[in-house]
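Spelled out from the first residue to the last, the chains are:
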Amino acid sequence: MRLKGKVAIVTGAGQGIGAATALKFAREGAIVAVCDLNHDAVFGVVSACRDAGVAADGFSIDVSDRDAVDDMVAKVLAKHHRIDVLVNNAGITRDARLQKMTLKQFDDVIDVNLRGVFHVAQAVVDTMIEQRAGVILNASSVVGIYGNYGQTNYAAAKFGVIGFTKTWSRELGPKGIRVNAIAPGFIDTPILSTIPEDVMAKMREQVPLRRLGTPEEIANIYAFLASDEASYINGAVIEASGGMTL
Ligand code: NAD
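As a starting point, this report considers the structure included with it.

Now for the site of the ligand. Within the structure, the ligand sits among 28 residues, and Ile17, Asp36, Tyr154, Ile187 and Thr189 are positioned closest to it. Within the backbone of Asn89, a nitrogen or oxygen atom sits 2.8 Å from an oxygen atom of the ligand. A distance of 2.9 Å is found between an oxygen atom of the ligand and a side-chain nitrogen or oxygen belonging to Lys158. A total of 830 Å² of accessible area belongs to the ligand in isolation, and the protein chains cover 93% of it.

Below, the structure written as structure tokens:
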């Protein structure tokens, strides 16, 4: 078990990549704080983590709400007295071309995908510094490296997440904290549910492996990066896209 006894917070863990990551962490022995906006989904994942034999707690909160984030972190600390890993995974899309994008679409994505990542990282960082150990993992995207049609807001946030990752790895590396990001390609989760099937077929064709990734394939990378096996990986952006950007 690669994460035995480590205390981990996973945001956006109610479904998709976050749920797969919470469950993978539990199977690797971590104590998991499952955080998501969706109350029912949170408690389903908590119960799956407990079935894996570890302690798990659910927090039905919005990562863009700083008070709620601080409250969650305080509760995790009160119970477990440390935080070893943060997976900043919560994210949304509100797509539109530049000419059509509303300020609300822009603000909603920045609030969750960028400000939310900042909130949770800032809420855990003092604890990690006191421990002189910790791992922060951020969800970027291939869109955060190459941009994407119709995703001005999402691209800005995902590029920003890479900026956070590189900045924090410089600031926090000397204090024993590693910070890395994953840039997934197309992963088969509900976030893609609004994309028509003909577009999905073209997306698969773009990938040399000729298929979408699974949430578990991204969860495996988070588990590796969270573990001591990745002890010399800091400030990295790991692309996991089946080669779609080649
Ligand atoms: P998803 O939509 O399946 O799951 C996201 C989860 O985040 C949901 O459970 C949702 O309720 C939760 N969430 C949304 N807003 C929240 C908020 N304000 N506070 C707390 N929780 C909130 O998405 P996914 O595909 O699993 O994506 C996970 C992350 O990976 C996202 O950051 C996404 O941008 C990124 N990503 C996904 C893909 C992909 O193809 N699926 C590709 C690249 C990057």
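Moving on, we come to the nonpolar core. Counting 46 residues, the largest nonpolar core has Ile9, Met72, Val76, Leu86, Ile136 and Trp168 as its most contacted members. Looking at this core, the elements that each hand over two or more residues are strand E1 (7-11), strand E2 (31-36), helix H3 (66-80), helix H4 (103-131), helix H6 (152-172), strand E6 (177-184) and helix H7 (197-206). A per-element tally of this core places H4 first, with 11 residues. For Ile136, the contacting residues outside a window of four places in its chain are Leu86, Asn88, Ala121, Met128, Trp168, Leu172, Arg178, Val179 and Asn180. In terms of nonpolar packing, the next biggest core, distinct from the first, is built from 34 residues, Ala22, Val34, Val87 and Ala139 among them.

Moving on, we get to the side chain of Glu28. The residue Glu28 is located in the loop between helix H1 (16-27) and E2 in this model. Here the side chain of Glu28 touches Arg2 through a polar contact of 2.8 Å, landing on its backbone nitrogen. Aside from chain neighbours lying at most four places away, what touches Glu28 is Met1, Arg2, Leu3 and Lys4.

A word on the pattern of salt bridges. What the rule picks out here adds up to 13 salt bridges. In this structure, Glu229 engages Arg2 in a salt bridge whose closest nitrogen and oxygen atoms are separated by 3.3 Å. Of this pair, Glu229 sits in the loop between helix H8 (215-226) and strand E7 (237-240) while Arg2 is found in the segment before E1, placing the two residues 227 residues apart along the sequence. Looking at Arg2, the relative accessible area reads 28%, which means it is partly exposed. Note that Arg211 and Glu217 form a salt bridge whose closest N and O atoms lie 2.7 Å from each other. Counted as one network, the salt bridges with shared partners bring together Arg2, Lys24, Glu28 and Glu229.

All right, on to the packing of H1 against H8 then. Direction vectors running N to C along H1 and H8 enclose 50 degrees, while the axes themselves pass 8 Å from each other. Judged on the interaxial angle alone, H8 and H1 are oblique. Helix-helix and strand crossings are classified by hand; for H1 and H8 the assignment is right-handed. Facing Gly16, Ile17, Ala20, Thr21, Lys24 and Phe25 of H1, the residues of H8 in contact are Pro215, Glu216, Ile218, Ala219, Asn220, Tyr222, Ala223 and Ala226. In the contact of H1 with H8, the residues fall into nine nonpolar, three polar and two charged.

Here the focus is unusual backbone geometry. Unusually for a residue other than glycine, Arg132 sits at a positive phi of about 55 degrees. Looking at where Arg132 falls in the secondary structure, it is placed in the loop between H4 and strand E5 (134-139). By relative accessible area, Arg132 is classed as exposed at 51%. Notably, Arg210 is not glycine yet its phi reads approximately 60 degrees, a positive angle. Secondary-structure assignment places Arg210 in the loop between H7 and H8.

Attention now goes to the packing of H3 against H4. For any two helices packed against each other, one specifies the crossing angle of their axes together with the interaxial distance. Look at H3 against H4: their axes get within 9 Å of each other, and the N-to-C directions meet at 35 degrees. For H3 against H4, the interelement crossing comes out right-handed. For the pair H3 and H4, the contacting residues are Arg66, Val69, Asp70, Met72, Val73 and Leu77 in the first and Phe118, His119, Val120, Gln122, Ala123, Val124 and Thr127 in the second. The class makeup of the residues in the contact of H3 with H4 is eight nonpolar, three polar and two charged.

What follows is about the packing of aromatic side chains. Summed over the entire model, instances satisfying the criterion amount to one aromatic pair. Geometrically, the ring pair formed by Phe164 and Trp168 is stacked, given 4.7 Å between the ring centres and 10 degrees between the ring planes. Highlighted residues: Phe164 and Trp168, both in helix H6, separated by four residues, approximately one helical turn. Residues Phe164 and Trp168 agree in their burial class; the two are buried.

Criteria and thresholds
- Residues numbered from 1 in each chain as written.
- Predicted model: local features only at pLDDT ≥ 70, side-chain atom pairs only at ≥ 80, totals over all residues.
- Heavy atoms only, no water.
- Near = heavy atom within 4 Å.
- Polar contact = N/O pair within 3.5 Å; in protein donor to acceptor, adjacent residues only side chain to side chain.
- Areas by Shrake-Rupley, 256 points an atom, 1.4 Å probe, with all protein chains shown as cover.
- Core = buried A, V, L, I, M, F, W, Y, C linked by side-chain atoms within 4.5 Å.
- Buried < 20%, exposed > 50% of the residue type's maximum accessible area, 1.4 Å probe, protein only.
- Helix = DSSP H or I, 4+ residues; strand = E, 2+ residues; numbered from the N terminus.
- Contact = heavy atoms within 4.5 Å.
- Salt bridge = Lys/Arg side-chain N within 4 Å of Asp/Glu carboxyl O.
- Axes fitted to C-alpha atoms, helices over the stretch in contact; angles between N-to-C directions.
- Parallel < 35°, antiparallel > 145°, perpendicular 65-115°, else oblique.
- Left-handed = near helix turned anticlockwise from the far one by under 90°.
- Nonpolar A, V, L, I, M, F, W, Y, C, P; charged D, E, K, R; others polar.
- Phe/Tyr/Trp six-rings, centres within 6.5 Å; stacked < 30°, edge-to-face > 60°.

Just geometry here; none of it tells us what the structure is for.
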